[in-house]
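Fold and contact review
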Amino acid sequence: MASSDPTPAADHRPQGDGSAPPARPRVLSGIQPTAGSFHLGNYLGAVRQWVALQDTHDAFYMVVDLHAITVPQDPAELRANTRLAAAQLLAAGLDPERCTLFVQSHVPEHAQLAWVMNCLTGFGEASRMTQFKDKSAKQGADRASVGLFTYPILQVADILLYQAHEVPVGEDQRQHIELTRDLAERFNSRFGRTFTVPRPHILKEVAKIYDLQDPSIKMSKSASTPKGLINLLDEPRTTAKKVKSAVTDTDTVIRYDAEAKPGVSNLLTVYSTLTGASVAELEQKYEGKGYGALKTDLAEVMVDFVTPFRTRTQQYLDDPETLDSLLAKGAEKARSVAAETLASAYDKVGFVPAKH
Ligand code: TYM
């Protein structure tokens, strides 16, 4: 089930050259390379959809290293984590033959269009972005970088450069997609139709995967305790342990009820998504059995999932030359699309074309 957003993506690309629009709708999404390992929320909320959409969409996916420097970073770590993120995306099932996989900083048009979009965004509008408020509160607002403040506007540029129709993400990105829609519409109405107005592609069931220790908050790399966070590259034994010690409730009935039983419901969501069994089937399977049985089985499901994922990731990392050249090819494909959109946007705002 796709997003609850009822508005169809509006394709405002100029049709001037008479070329047919792409047969498949386009998707674009990105993931930060900040944490090293992806966590289960990244995978179930986003990356899993990216893999599926390769077959039905013209798909562009990137590792957003420009976004990663909005908070202080260690250069060597960033470089390693960028390759690690790409390796994990391939291990998860992205296929460079069926999608365009690239690193954001390899395509300079992202920063270039972001500037134009910065100039179109109101200061108050940017101030209302909740992720900035959350992240800057953590480090103290005065110490937060201007880059962190304009982070969502770079994300807007990411999406608009590719004329994406849909953006597959988790619920926490919805506000950024709303901003993208607003700015695309603003630009189009001020300067003439230029950008496709995208819509979020958010799967309701997995839009928000919760922390295993505190099912009232989303699973995130900045979780208060590492026990609630499933990192896909953790030792499988550690993963099994975390699943088995997940917080549930004092009741014993295994039933999906996000309000009254958030912990159990989260486990059922994860279990159902990883195995393909419906939540109703799982409720039936575990009728009369305790939480222990559910957790033991889910721990096994998780281990069966992460074990080959870790191996595949390592295989891609073991051959950095192939990985880098694959990313170079992706960047080349991405640039051919991005450059065309940027040229059109530059022209619309009134820049004199550079003579080559
Ligand atoms: P990032 O790197 O924080 O997360 C990557 C993706 O994982 C999703 N996600 C979750 N989904 C469900 N439950 C969770 N607990 C959970 N935690 C994370 C996120 O929603 C996201 O889809 N700003 C973006 C990166 C970005 C981007 C873009 C995305 C940059 N440019 C353009 C789309 C289009 C981010 O920080 O994602």
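Residues numbered from 1 in each chain as written. Predicted model: local features only at pLDDT ≥ 70, side-chain atom pairs only at ≥ 80, totals over all residues. Heavy atoms only, no water.

Attention now moves to the overall build of the protein. Summing up its helical and strand segments, the protein has 13 helices and five strands in all. Relative to its length of 356 residues, the protein is compact, with a C-alpha radius of gyration of 21 Å against a globular reference of 21 Å. If one aligns the C-alpha atoms of the protein with their principal axes, the spans along those axes are about 70 × 45 × 45 Å. In the protein, which comprises 356 residues, the share counted as buried stands at 49%. (Helix = DSSP H or I, 4+ residues; strand = E, 2+ residues; numbered from the N terminus. Rg over C-alpha atoms; globule rule 2.2 N^0.38 Å. Buried < 20%, exposed > 50% of the residue type's maximum accessible area, 1.4 Å probe, protein only.)

On to the packing of aromatic side chains. The description of an aromatic ring pair uses the distance of the two centres, along with the angle that the planes make with each other. On inspection of all chains with the given rule, the structure shows 11 aromatic pairs. Judged by centre distance (4.8 Å) and plane angle (80 degrees), the ring pair of Tyr 346 and Phe 351 falls under edge-to-face. For Tyr 346, a relative accessible area of 25% gives the class partly exposed. Assessed through its relative accessible area of 41%, Phe 351 is described here as partly exposed. Each member of the aromatic cluster is reached from another via a ring pair, and the members are Tyr 43, Phe 305 and Phe 309. (Phe/Tyr/Trp six-rings, centres within 6.5 Å; stacked < 30°, edge-to-face > 60°.)

Mapped onto the fold, Leu 161 is located in helix H7 (residues 146–161). When sequence neighbours within four positions are dropped, the list of residues in contact with Leu 161 reads Glu 109, His 110, Leu 113, Val 337, Ala 338, Thr 341 and Leu 342. (Contact = heavy atoms within 4.5 Å.)

Moving on: the side chain of Asn 188. By the element assignment, Asn 188 lies in helix H8 (residues 174–191). From its side chain, Asn 188 meets the backbone nitrogen of Thr 194 in a polar contact 2.8 Å long. (Polar contact = N/O pair within 3.5 Å; in protein donor to acceptor, adjacent residues only side chain to side chain.)

Close approach of charged atoms lets side chains of opposite charge pair. A full pass over the atoms with the stated rule returns 15 salt bridges. The shortest N-O distance in the salt bridge between Glu 109 and Arg 335 comes to 3.1 Å. Of this pair, Glu 109 sits in helix H4 (residues 109–118) while Arg 335 sits in helix H13 (residues 320–349), and the two are 226 residues apart along the sequence. Overall, the relative accessible area of 5% leaves Glu 109 in the buried class. Its relative accessible area of 37% is what places Arg 335 among the partly exposed residues. Three or more residues joined by partner-sharing salt bridges are found here, namely Asp 55, Asp 95 and Arg 98. (Salt bridge = Lys/Arg side-chain N within 4 Å of Asp/Glu carboxyl O.)

Lining the immediate surroundings of the ligand are 27 residues, of which Tyr 151, Asp 158, Gly 170, Asp 172 and Ile 209 lie closest. Asp 172 is positioned with one of its side-chain polar atoms (N or O) 2.4 Å from an oxygen atom of the ligand. Surface burial for the ligand is 96%, taken as the share of its 720 Å² of free accessible area covered by protein chains. The set of elements that each furnish at least two residues to the shell around the ligand consists of strand E1 (26–31), helix H1 (40–53) and H7. When the residues that make up the shell around the ligand are grouped by side-chain class, the tally is 12 nonpolar, 11 polar and four charged. (Near = heavy atom within 4 Å. Areas by Shrake-Rupley, 256 points an atom, 1.4 Å probe, with all protein chains shown as cover. Nonpolar A, V, L, I, M, F, W, Y, C, P; charged D, E, K, R; others polar.)

A few words now on H1. Residues separated by three or four positions in an α-helix point in the same direction, a consequence of the helix having 3.6 residues per turn. Its 14 residues give H1 an end-to-end C-alpha distance of 19 Å, which sits within 8% of 20 Å, the value for a rise of 1.5 Å per residue. Ala 46 marks where H1 bends most, by close to 40 degrees. Counted residue by residue, H1 has 11 buried out of 14 residues, so it is predominantly covered. Along H1, the residues classified as buried are Leu 40, Gly 41, Tyr 43, Leu 44, Gly 45, Ala 46, Val 47, Gln 49, Trp 50, Val 51 and Leu 53. (Expected span 1.5 Å × (residues − 1). Bend = angle between axes of the 7 residues up to and from the residue.)

Take the side chain of Thr 70 next. Its location among the elements puts Thr 70 in the loop between helix H2 (65–68) and helix H3 (75–92). Excluding its chain neighbours within four sequence positions, the residues that come into contact with Thr 70 are Ser 145, Gly 147, Leu 148 and Tyr 151.

The backbone of Gln 163 sits at a positive phi, close to 55 degrees, despite the residue not being glycine. Inspection of the secondary structure assignment puts Gln 163 in the loop between H7 and strand E4 (166–168). Residue Gln 163 is classed as buried on the basis of its relative accessible area of 6%.

Within the protein, residue pLDDT values average 93, and 94% of them lie at 70 or more. Under a pLDDT of 50 for its full length, residues 1–6 has, in the predicted model, 16 contacts with residues more than four places off or in other chains. Every residue in residues 14–18 is under pLDDT 50, and counting partners more than four places away or in other chains gives three contacts. (pLDDT = per-residue confidence, 0-100.)

It is worth spelling out the packing of H1 against helix H10 (residues 262–275) at this point. In helix packing, the relevant descriptors are the interaxial angle and the interaxial distance, both defined with respect to the helix axes. It is at 12 Å that the axes of H1 and H10 come closest, and there the two elements cross at 50 degrees. Looking at the two axes, H1 sits oblique to H10. For the pair H1 and H10, the crossing hand works out as left-handed. Residues Leu 40, Tyr 43, Leu 44 and Arg 48 of H1 lie in contact with H10, whose contacting residues are Val 270, Thr 273 and Leu 274. When the residues that make up the contact of H1 with H10 are grouped by side-chain class, the tally is five nonpolar, one polar and one charged. (Axes fitted to C-alpha atoms, helices over the stretch in contact; angles between N-to-C directions. Parallel < 35°, antiparallel > 145°, perpendicular 65-115°, else oblique. Left-handed = near helix turned anticlockwise from the far one by under 90°.)

The subject of this paragraph is the pairing of strand E3 (residues 99–103). For E3, a buried count of five out of five residues is recorded, marking the element as mostly surrounded by other parts of the structure. On E3, burial covers both faces: Cys 99, Leu 101 and Val 103 on one face and Thr 100 and Phe 102 on the other are all buried. Sheet analysis places strand E2 (residues 58–63) next to E3, joined by five bridges and oriented parallel. For Val 63, the partnering residue across the bridge sits in E3 and is Val 103. (Pairing = 2+ DSSP bridges.)

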